[in-house]
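Close look at the chain arrangement
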Amino acid sequence: MDVNALLKKLSQTTGLSGYETKIRAEVLAEWGRFVDETRTDKVGNAVAVKRGYARKAHRKIMLASHMDEIGFMVAGFSHGFLRVSPIGGIDARVLPGQEVIVHSRQRDLPGIISSTPPHLLKPDDRSKVISLDQLWIDVGLAPAQVNRFVSIGDLVSIRRDVTELKNGLLAGKAFDNRASVAAVAVCLELLATIQHQWDVIAVATVQEETSALGAATSAFGIAPDAAIAIDVTYGVQYGSAGNEVFPLDKGPTIGIGPNMQPKMTQGLIEAAQRIKLDHQIEPMAGSSGTDGWLIQVVREGIPTGVVGIPLRSMHTPVEVVSPRDVEQTGRLLAEFIGGLDEKFYESLTE
Amino acid sequence: MSLTTNLKALSEANGVSGDEGAVRKIILNAIRDHVDEVRVDTLGNVLAIKRARGKATRRVRVMLDAHMDEIGLMIVGANDDGTLQFRAVGGIDDRSLPGKVVLIGPDRIPGVIGTPPIHLAHGDDEVKKIEALAIDIGAAGKDAALGVVTIGQMATFNTRYRSLGTTVSGKAFDDRAGCAVLIELLRGPRLPVDLLAAFTVQEEVGGRGAHVAAYAFDPDAAIVIDATPANDLPPSIEQDVSPNTRLGHGPAVYVMTRSTVSDPRLVKHVIGIADRRGIPYQIRQPGGGGTDAGSIAPTRGGVPTVSISVPARYIHTPVSLINLNDVRHTIELVRESAARLTSTILRPA
C-alpha cells in the first residue's frame, strides 16, 4: 500500500463534522478493497467488516477512527463579507491570512480569512489574538453576488494541499484523524495475511470533533466484544513542553489510564513487543479525548484500548505526521487482532 | 502574454527584498522586445527606456517606478531539533505566521510554521512573537537542517494565484500588481514622452533601489505605481486617518504619505486626466505609509513625483486580494497621465 498517497488523498478530501459524505466515499473505497463487506449506518458512519475464521463463538473487535474534520459554517453577512461559526475546536491563532473554500449550494468559492495589513495596525493590536467572531471571510465578490451564492449554514473548509517535508514527513490539514483512517487501512490489508479468529469491524466515525456522535451510535449498533479507538496525539515540536507530547517516528502511543481496559493496554503492549515494534506509553489521567471515551460506556460497557499517532500542530492547517508512524500503527493493530482468542476474551472479565 | 498571465507569474515568483532575481527574470523576458534599452544596475534594478514617438528634440522624460521586492522571511539560524529560526524582512504581523506553508531559498524547500496545539495552551493564548516561532522542514537535527537550507536564505508564503471572478487573490500584489501595470505600459504603444521604467529592488526595506534608479534616470517627473492597503471591511473604521481605499473604486492617487508630499502639479494633472477620461480613482487618505516616491523625490536636485496605487486587501500577509478592473484603470491612468505630461505642467508655479 502506498501510505503516502493514501494520506494525501484522505487529507485533501473535505469532510466537516456532520457532512462526511465525500470523505466517507473515499474511506469505503479504500477499506473496501480489503474486507468482506462495507456499509453506511444510520448516522453516516462508514463500516467495514472483515470476518474472522472462528466458527463458534463469534467475537468482534471494533476499530474506531473518526473521519470528520474541523471547519466553519457561514453564520452571517455584512457588505459581502462572511462571518462564520466554528465546527469543532478551531484554533483562532492560525486563521488570519488562511485560504478557505466556501461550499455554497451552487459551487465552491475560493475565499480568504481576513487579516489586517500591518500598516493599519495600532501597536497594541499586535499582541491580541483575533477571535473568530472578529474575522471576516472574503470571497472577493460584490455583495449582490455573495447574497446570491452564499447562504447561512453553508460550510467553509480550510484549503491546504499536503506538503512533503524532509525525512518523508507530511504537512497538511485533517491528519487529525485521517492519519488513523489510513492506519486502519494498513491494518486491514495486513489482516489478509494473518490468521485471525475475531471479526474485525472497522468504523470511520462521524462528528467526533463536535460530539463523538458516531462513536457512541456505531458501538451500540455493533455491540463489539472489545474496541480500539485510534486517534492522533500531541507530537513533540518546537515550543512544546511537558509529558503530554510524544516524538514522531518512535511508533504509536498506547494509552494507559481509566479510559482503557487494563487487559487491552497490556495486550497492545505485548503485541508490540512480539514484533519488536517501536511504541510509546501514553498516560491519560482522565478522558482520552478520543472516540474511546464514549465507546467504553456503551451498552453494558465495552473493553476499550486507545492507540495514538503523534502529530505536530494539531488542529492547524499544517499538522505534521510521519507516514512511518501510520504504517507502524497499522502493524500494531493487525498483530494485536491476530492474537485475539477466547482466552483473551475471558481475561477481560477476570 | 496577457495581464493576468503576467500577474500570476509575478505573484507566484519569490522575490524578498535583496533577492529579486526570479522576478527580474520574468520582467526582463516580458519587456525585452518592447523597449529601446534595458539594463540591470548593480543593485539589481531593471532600468528600461521606451522612447517617445515622433522626433521632438526636447521631450519630457517620465520615470515610471514599480518595486519588484516583497516582504518575507529570512532564515537566521537552526534549532537543535532541526527547525529553523527566522525574522521578518519588511513589515509582517506576527499573527499571520502560524499555520502557514513557506518556500525557502532558490530550491523552494517547503516548510511549515507550526504551533503547539491549542489543546495544550492551557489558557495561555497570547500571540507568539516571531522569535518564538520556527519553520519545520522535517529535518532531524540542526546539522541536517543546515545541510538543506543555509542561513541568510529568504522564504515566502506558498500561496497560489487564484481567480475569484473580477478579483484575484495571491501573494505579493504589493507590488507585483504595480510591476504588471508597468509591463503593460511598456508593451503598449509609444507615448509622446520618454518612458524611463524602473523595476526597483528593496522598497520594503527603505526604497533603496528607487534611490539609485532615480539618480541614473535623472527624470523630469516620476510616477510611482504601488499597491496600497485597502481598508474596506465592515464595519467602517471610526477615526478616518488611516488609508481608506476600497477595491473596485479605481486607482488610489497619493497626496501625502509619511515620507513624501506628492507634487501638487502632478496630482492636479493626474486627477484632471481621470476626470476628463472618466477613469475612476480615489484619493488615498493622507498619512502613514510610503512608496518609492520617498526615495525618488529628493534625488539630485529633486524630482516631481506622484504615486498611484492599486488598492489591495491584506497586503504584507500570506494572501492578498485585488480587483482586476482597478489594475486596468491604473494602467490607463498612468498611461494617459504620462502621455500628456508636458514641461508646461512641470514649470514652477
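Note that the structure is predicted; figures quoted are calculated from it, not measured.

Counting its regular elements, chain B contains 9 helices and 17 strands. Compactness check: chain B gives a C-alpha radius of gyration of 21 Å against a globular reference of 20 Å for 349 residues, within 12% of the reference. Counting only C-alpha atoms and orienting by the principal axes, one finds that chain B spans roughly 70 × 45 × 40 Å. Out of the 349 residues in chain B, the part that is buried amounts to 57%. Contacts in chain B between residues far apart in sequence, at least 24 positions, make up 76% of those at least 6 positions apart.

For the rest of this paragraph, the subject is the interface of chain B and chain A. Contacts between the two partners involve 55 residues from chain B, matched on the other side by 52 residues from chain A. Secondary structure elements with two or more residues in the side of chain B that touches chain A: strand S6 (100–104), strand S7 (109–113) and strand S11 (167–170) of chain B. It is S7(B) that provides the largest number of residues to the side of chain B that touches chain A, a total of 4 residues. When grouped by side-chain class, the residues that make up the side of chain B that touches chain A number 27 nonpolar, 19 polar and 9 charged.

All names here are of chain A. Read across the sheet, 8 strands follow the order S1-S2-S12-S3-S13-S16-S14-S15 without closing on themselves; strand pairing throughout is mixed. Two strands in the sheet have a free side with no partner beyond their single neighbour: strand S1 (37–40) and strand S15 (280–283). Neighbouring strand axes in the sheet, compared pairwise and without regard to direction, differ in orientation by 25 degrees on average. Both strand S14 (residues 253–256) and S15 contribute to a ladder of 4 bridges, which runs parallel. Bridging across to S15, Ile254 finds its partner in Ile281. Contacting S1, strand S2 (46–50) and strand S12 (199–205), helix H2 (residues 21–32) runs over the sheet at an angle of about 5 degrees to S2.

Before going further, it helps to spend a moment on the domain arrangement of chain A. Interfaces are frequently sized by the accessible area removed from exposure as the parts join. Residues and elements named next belong to chain A. Splitting chain A by domain gives domain 1 (3–69 + 173–347) and domain 2 (71–158). Computed over C-alpha atoms, the centres of domain 1 and domain 2 are 33 Å apart. Counting residues at the interface gives 11 residues for domain 1 and 10 residues for domain 2. A per-class count over the side of domain 1 that touches domain 2 returns 3 nonpolar, 5 polar and 3 charged.

All names here are of chain B. When the domains of chain B are assigned, the result is domain 1 (3–70 + 171–346) and domain 2 (72–157). One C-alpha centre belongs to domain 1, the other to domain 2, and the line joining them spans 32 Å. Listed by partner, the interface residues are 11 residues for domain 1 and 12 residues for domain 2. Here the residues of the side of domain 1 that touches domain 2 sort into 3 nonpolar, 4 polar and 4 charged.

Bringing helix H5 (residues 208–217) of chain B into the picture now. Residue and element names in this part refer to chain B. Burial within H5 is extensive, with 8 of its 10 residues counted as buried. Residues of H5 that are buried make contact with strand S2 (46–50), strand S3 (61–67), strand S12 (194–200), strand S13 (221–229) and helix H7 (293–296). Asp218 sits one or two residues past H5 and shows a positive phi near 50 degrees.

How each quantity is defined
- Residues numbered from 1 in each chain as written.
- Chains lettered and ligands numbered in written order.
- Predicted model: local features only at pLDDT ≥ 70, side-chain atom pairs only at ≥ 80, totals over all residues.
- Helix = DSSP H or I, 4+ residues; strand = E, 2+ residues; numbered from the N terminus.
- Rg over C-alpha atoms; globule rule 2.2 N^0.38 Å.
- Buried ≥ 20, exposed ≤ 12 C-beta atoms within 10 Å, placed from the backbone.
- Contact = placed C-beta atoms within 7 Å.
- Nonpolar A, V, L, I, M, F, W, Y, C, P; charged D, E, K, R; others polar.
- Pairing = 2+ DSSP bridges.
- Axes fitted to C-alpha atoms, helices over the stretch in contact; angles between N-to-C directions.
- Domains from an automatic or database assignment.

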